[in-house]
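One letter stands for each residue in the lines below.
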Amino acid sequence: ALLVLEEGKTPMQDAQRGHLSARAPETGPQELALLGKGFNSTLAALSETQRKFEQVRHAEMLHMERLASIGELASGIAHDIRNPLAGIAGSTEVIRDQLPKDDPRREVLNAILSHVQRLHRSLEAILAYVRITPPQLAAVPLADMLRRLMLLVGSDIEKKSVHVRMDVPDSLPPLWVDPEKFQQVLLNLTLNAVQAMDRGGTLSFEAQPLLEGRVEIRVADTGIGIPREDLGKIFEPFFTTRRD
């Protein structure tokens, strides 16, 4: 018979209550001994799975805390820089507008303004990233979104001699997404792919319908790829391997 624990509980009843350390005897008649070994092996495997799950959950909690800290830091830095940047832009415009139209120094001031505007856009992107806003969902045809995306990045693709291959049927069901956020995801994937193909290559977009109105989207390129040691970092905010 199976070993009876305190309060009349068997190892099976104890395991059902979540006590995965319970063990059955592995002695006695051969059939019962084999049953006990199988039962104990199963509990040991479940215990190990639970241990690994707890490790992953703990790591995820630490990761989320780290992301929150990064978000707060980035938001504070962006706010601290934005106001002085606006002052620089305003002062530069005043100086530029006081110069004659044909003064060559206007070109230098226009270049300063261009850089300031670029920095301002970067700050706004950081603030948009760390600012939690509810998604504005809408039904969007994927093919139309990709066509608009190609208009945005057409010059970058042409400069790098990248060929774009589309296998996205117009008959796909519309995507229920936040159009702005989803297009930003596609834009990031596209720019990363183009940057990874300095000597030209092929950027592919594929999509196919799945069950229950879902759509599978695949984006691939023939670039250098992501080093294996960096795969675990690709979803970290602001992670990059670029050096420029």
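Here the structure is a predicted model, which is why all the values come from computation and not from measurement. (Residues numbered from 1 in each chain as written. Predicted model: local features only at pLDDT ≥ 70, side-chain atom pairs only at ≥ 80, totals over all residues. Heavy atoms only, no water.)

Student: Tell me about unusual backbone geometry, residues and numbers included.
Tutor: The phi dihedral of serine 161 falls on the positive side, at around 55°, and the residue is not glycine. Phi at glutamate 212 takes a positive value of approximately 60°, unusual for a residue other than glycine.

Student: Outline the sheet that holds strand E5 (residues 215–221), listing residues and values.
Tutor: With respect to topology, three strands assemble into an open sheet ordered E2-E4-E5, the strand pairing being mixed. Strands at the two margins of the open sheet, each flanked by one partner only, are strand E2 (162–167) and E5. With strand direction ignored, the average angle separating the axes of adjacent strands in the sheet is 10°. Examined bridge by bridge, E2 and strand E4 (residues 201–209) share six bridges and lie parallel to one another. Directly across from histidine 163, in E4, lies its bridge partner threonine 202. Helix-sheet contacts for helix H4 (residues 142–159) involve E2, E4 and E5, and the interaxial angle to E2 is about 175°. (Pairing = 2+ DSSP bridges. Helix = DSSP H or I, 4+ residues; strand = E, 2+ residues; numbered from the N terminus. Axes fitted to C-alpha atoms, helices over the stretch in contact; angles between N-to-C directions. Contact = heavy atoms within 4.5 Å.)

Student: Can you tell me about the confidence of the model for the protein chain, naming the residues and giving the values?
Tutor: Interpreting fine coordinate detail is not advised for predicted regions of low pLDDT. Looking at the protein chain, the pLDDT average stands at 81 and 84% of residues meet or exceed 70. Contacts from residues 1–8, a stretch scored under 50 in pLDDT, to residues over four places away or in other chains number 15 contacts. (pLDDT = per-residue confidence, 0-100.)

Student: Outline the side chain of serine 204, supporting the account with residue identities and numerical values.
Tutor: Tracing the chain through its elements places serine 204 in strand E4. With a relative accessible area of 10%, serine 204 lands in the buried category. A polar contact of 3.4 Å, which involves the side chain of serine 204, links it to the side chain of arginine 165. (Buried < 20%, exposed > 50% of the residue type's maximum accessible area, 1.4 Å probe, protein only. Polar contact = N/O pair within 3.5 Å; in protein donor to acceptor, adjacent residues only side chain to side chain.)

Student: An account of the nonpolar core is needed here, citing residue identities and associated values.
Tutor: The tendency in soluble globular proteins is for nonpolar side chains to be buried side by side. Counting residues in each nonpolar core, the largest one holds 24 residues, and the members touching the most others are Leu142, Leu146, Leu149, Val168, Phe182, Leu186 and Phe205. Only H4, strand E3 (175–177), helix H5 (179–195) and E4 provide two or more residues apiece to this core. By residue number, the principal contributor to this core is H4, which donates eight residues. Excluding its chain neighbours within four sequence positions, the residues that come into contact with phenylalanine 205 are Leu146, Leu149, Met150, Val164, Arg165, Met166, Asp167, Val168, Thr190, Arg218 and Val219. Ranked by size, the runner-up nonpolar core spans seven residues in total, among them Leu113, Val116, Leu123 and Leu127. (Core = buried A, V, L, I, M, F, W, Y, C linked by side-chain atoms within 4.5 Å.)

Student: Describe the packing of H4 against H5, with residues and values.
Tutor: At a minimum axis separation of 10 Å, H4 and H5 run at an interaxial angle of 40°. Viewed along their axes, H4 and H5 adopt a mutual orientation that is oblique. The handedness of the crossing between H4 and H5 comes out as right-handed. Facing Leu142, Met145, Leu146, Arg148, Leu149, Met150, Leu152, Val153, Asp156 and Ile157 of H4, the residues of H5 in contact are Pro179, Phe182, Gln183, Leu186, Leu187, Thr190, Leu191 and Val194. (Parallel < 35°, antiparallel > 145°, perpendicular 65-115°, else oblique. Left-handed = near helix turned anticlockwise from the far one by under 90°.)

Student: Hey, could you go over the pattern of salt bridges for me, with residue numbers and the actual values?
Tutor: According to the stated counting rule, one finds eight salt bridges in the structure shown. For aspartate 144, the salt bridge identified is with arginine 147, shortest N-O distance 2.6 Å. With aspartate 144 and arginine 147 both in helix H4, this residue pair falls three residues apart, about one helical turn. For aspartate 144, a relative accessible area of 31% translates into the label partly exposed. Given a relative accessible area of 46%, arginine 147 falls into the partly exposed group. (Salt bridge = Lys/Arg side-chain N within 4 Å of Asp/Glu carboxyl O.)

Student: I'd like a description of the environment of phenylalanine 239, backed by residues and values.
Tutor: Examined against the element boundaries, phenylalanine 239 turns out to sit in the segment after E5. Classification of phenylalanine 239 as partly exposed rests on a relative accessible area of 31%. Those residues within four positions of phenylalanine 239 in sequence are excluded, and the remaining contacts are Asp230, Lys233 and Ile234.

Student: Let's hear about H5: which residues, and what values?
Tutor: Between its terminal C-alpha atoms H5 stretches 24 Å, which fits the 24 Å expected from 17 residues at 1.5 Å a residue. Regarding H5, the residues found buried are Phe182, Gln183, Leu186, Leu187, Thr190, Ala193 and Val194. Down the axis of H5, the smallest arc covering the buried residues is 140°, so these residues share one side. Considering only its buried residues, H5 is in contact with H4, E3, E4 and E5. With a side-chain oxygen positioned 3.2 Å from the backbone nitrogen of glutamate 180, the residue opening H5 is aspartate 178. (Expected span 1.5 Å × (residues − 1). Arc of directions from axis to C-beta.)

Student: Please give an account of the pairing of E5 that cites residues and values.
Tutor: Relative to E5, E4 runs antiparallel, the two being bridged by seven bridges. The residue bridging leucine 203 from the neighbouring strand is aspartate 221, located in E5. Between E4 and E5, which follow one another and run antiparallel, lie five residues, and glutamate 212 among them has a positive phi close to 60°.

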